[in-house]
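Chain by chain, the residues:
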Amino acid sequence: MKKSIICLLLAVLAPWAKAQHPQSIQEAMSNYDYENALTLLAQEDSLTVPLLYLKGRALKGLGRNGEALDVFRLLTVQDSLNPRAFIEAGECYKMQGKYTPALHCYQRALDLKPDHKYARLQYIGQLLNLQKYQEALGESTALAKEDSSATVLHLKAQSLEGLYTDPNIRIGAYMEIHVRYPDDAPAASKLASLYIQNNYYDYAIETCETYRKTDTTNLTVNRLEAQAYCLNKEYAKALERYLPLLAQGDSSFYNCYYAGISHYALNQPYEAHDLLEAARKQAPEHIDLLYYLGKACSKTLWKDKGVEYLEDAIRLAFPKDSVVARLYGGLADCCREAAEPRKQIQALMQQYKYAPQAHHLLYKAAFTSYYHLKDLDATEKYLEAYLKTRPQGSEKQAQEMTEDGDILLNENNRYNAAEAWLEDLRKRKKVDDFFQGKTEGK
């Protein structure tokens, strides 16, 4: 009898316990307890479509995007008429930087539901990621006709940025957002940045001030306004913005750099020195920074350091000889390919100027003069100059050969070849002079 009662109770409670299990999973998901949710899901005999969505979300929440993608790709088959399956798969692809398959997923979601706003926004975003700016502009412009929100206008502005280098077009795109939504921080920041890049400092300040009417705490906007004041030579105003930022611990490079310049311009060299030194730790080879730091030091007790910083700036301002030599070498190669021998020789001589140990460049110049310009006098001049660089004692060395009996190309053999070539040129010149009636003494 007792056994029968227990069996009856189990039969009654089993459906209730089974019903409670999905509820526990939902609670775990609501509390972002994804690991617990996955543990509970693993206890299920089989996963229904709703539970598969929960599993995919839990995996994605833990950053296990590859596993989450496997789940959502399965759902695109099992729940193929639901745009959500394709959107979730697209999100996973996007987080993995796989923009083309992400684009296809959002396109499939739009095929199922053309008016799905989120899918459309993400679709345009992937076009931008793939630098398909013309398509993105068309899509965002069409969407803006029915939805002129800041989000849509930002997509349109990014499309125009990708398509055009004209600063006025770029400025106009973000100005449209700023005028409609003056409290939109990204638009205000981008517009102010574009104004600064194009030396419109007054407009940058005006843009930041317009935004600050609703929010005076935005770090990016305050940084940009401070920078614009400094570049506009309103140094006291610049410090009004920079000092609170620095007091908050915002010691980014540009904050220290421009605040330091502002102090220097206001004849406050010690304050300038401290900020510019802090900036130098972040960018030790910034030439303009070293200039201002050196000048500031010259007005303090650290005058010797000022000399050192200016010397460093001068050294950095000029490229190393090896870099210049490499550039002229590249130019010589390009001139050869373009069949411009005179320019090739000029480039070779400039390369030799910055790489004075590369004597073989004289031989190259002789080769080009002879075979491409038929200039025997120039050829003779370059060969003579090349042979003057020959180390003493190398004249007696025999030509080095490979095992197959071929002459091995090295500097000594090149000198031997140049010597033989010059001797041959001189003999031919004597013969030519004889037949032209030119004799010695005349």
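Please read these numbers as outputs of a predicted model, since none were measured by experiment.

(A) Structural view of the packing of helix α13 (residues 219-231) against helix α15 (residues 253-265). Look at α13 against α15: their axes get within 10 Å of each other, and the N-to-C directions meet at 35°. Both α13 and α15 take part in a crossing whose hand is left-handed. Contacts between α13 and α15 involve R223, Q227, C230 and L231 on the former and, on the latter, N255, Y258, I261 and S262.

(B) Molecular detail of the pattern of salt bridges. Here the structure, examined in full by the defined rule, presents 26 salt bridges. R84 serves as the salt-bridge partner of E88, at 3.7 Å between the closest nitrogen and oxygen. With E88 and R84 both in helix α5 (residues 83-95), this residue pair falls four residues apart, about one helical turn. Look at R84 and you get partly exposed, because its relative accessible area is 33%. Note that K429 is salt-bridged to E380, the shortest N-O span being 3.7 Å. Separated by 49 residues along the polypeptide, K429 in helix α23 (residues 411-435) and E380 in helix α22 (residues 376-387) bring together distant segments of the chain. Accessibility expressed as a relative area gives 38% for K429, which makes it partly exposed. A relative accessible area of 15% means that E380 is categorised as buried.

(C) Representation of the side chain of S140 within the structure. By secondary structure assignment, the location of S140 is in helix α8 (residues 133-144). In this structure S140 comes out as buried when scored by relative accessible area, which is 0%. At 3.2 Å, the side chain of S140 forms a polar contact with the backbone oxygen of L137. Contact partners of S140, with chain neighbours within four places excluded, come to I124, V152, L155, K156 and S159.

(D) A look at the environment of L130. Here L130 lies in the loop between α7 (117-129) and α8. Relative accessible area serves as the criterion here: at 26%, L130 is assigned to the partly exposed category. Sequence separation of L130 and K98 is 32 residues, and the distance between their C-alpha atoms is 9.7 Å. Not counting chain neighbours up to four residues away, the residues in contact with L130 comprise Y99, T100 and L103.

(E) The arrangement of unusual backbone geometry in detail. One non-glycine residue, Y32, lies in the positive phi region at around 60°. Relative to the helices and strands, Y32 resides in the loop between α1 (2-30) and α2 (34-42). A residue is classified by how much of its surface remains accessible, and Y32, at 63% relative accessible area, is exposed.

(F) The arrangement of the environment of L143 in detail. In this fold, L143 is placed in helix α8. On the accessibility criterion, L143 (0% relative accessible area) is buried. Taking C-alpha positions, L143 is 9.3 Å from K156, a pair spaced 13 residues apart along the chain. Ignoring sequence-local partners within four residues, the contact set of L143 consists of K117, R120, L121, I124 and V152.

(G) Quick peek at the side chain of Q344. Residue position: Q344 is located in helix α20 (residues 341-354). Here Q344 falls in the buried class, since its relative accessible area comes to 8%. Residues contacting Q344, with those up to four places away along its chain left out, are A332, C335, R336 and T368.

How each quantity is defined
- Residues numbered from 1 in each chain as written.
- Predicted model: local features only at pLDDT ≥ 70, side-chain atom pairs only at ≥ 80, totals over all residues.
- Heavy atoms only, no water.
- Axes fitted to C-alpha atoms, helices over the stretch in contact; angles between N-to-C directions.
- Helix = DSSP H or I, 4+ residues; strand = E, 2+ residues; numbered from the N terminus.
- Left-handed = near helix turned anticlockwise from the far one by under 90°.
- Contact = heavy atoms within 4.5 Å.
- Salt bridge = Lys/Arg side-chain N within 4 Å of Asp/Glu carboxyl O.
- Buried < 20%, exposed > 50% of the residue type's maximum accessible area, 1.4 Å probe, protein only.
- Polar contact = N/O pair within 3.5 Å; in protein donor to acceptor, adjacent residues only side chain to side chain.

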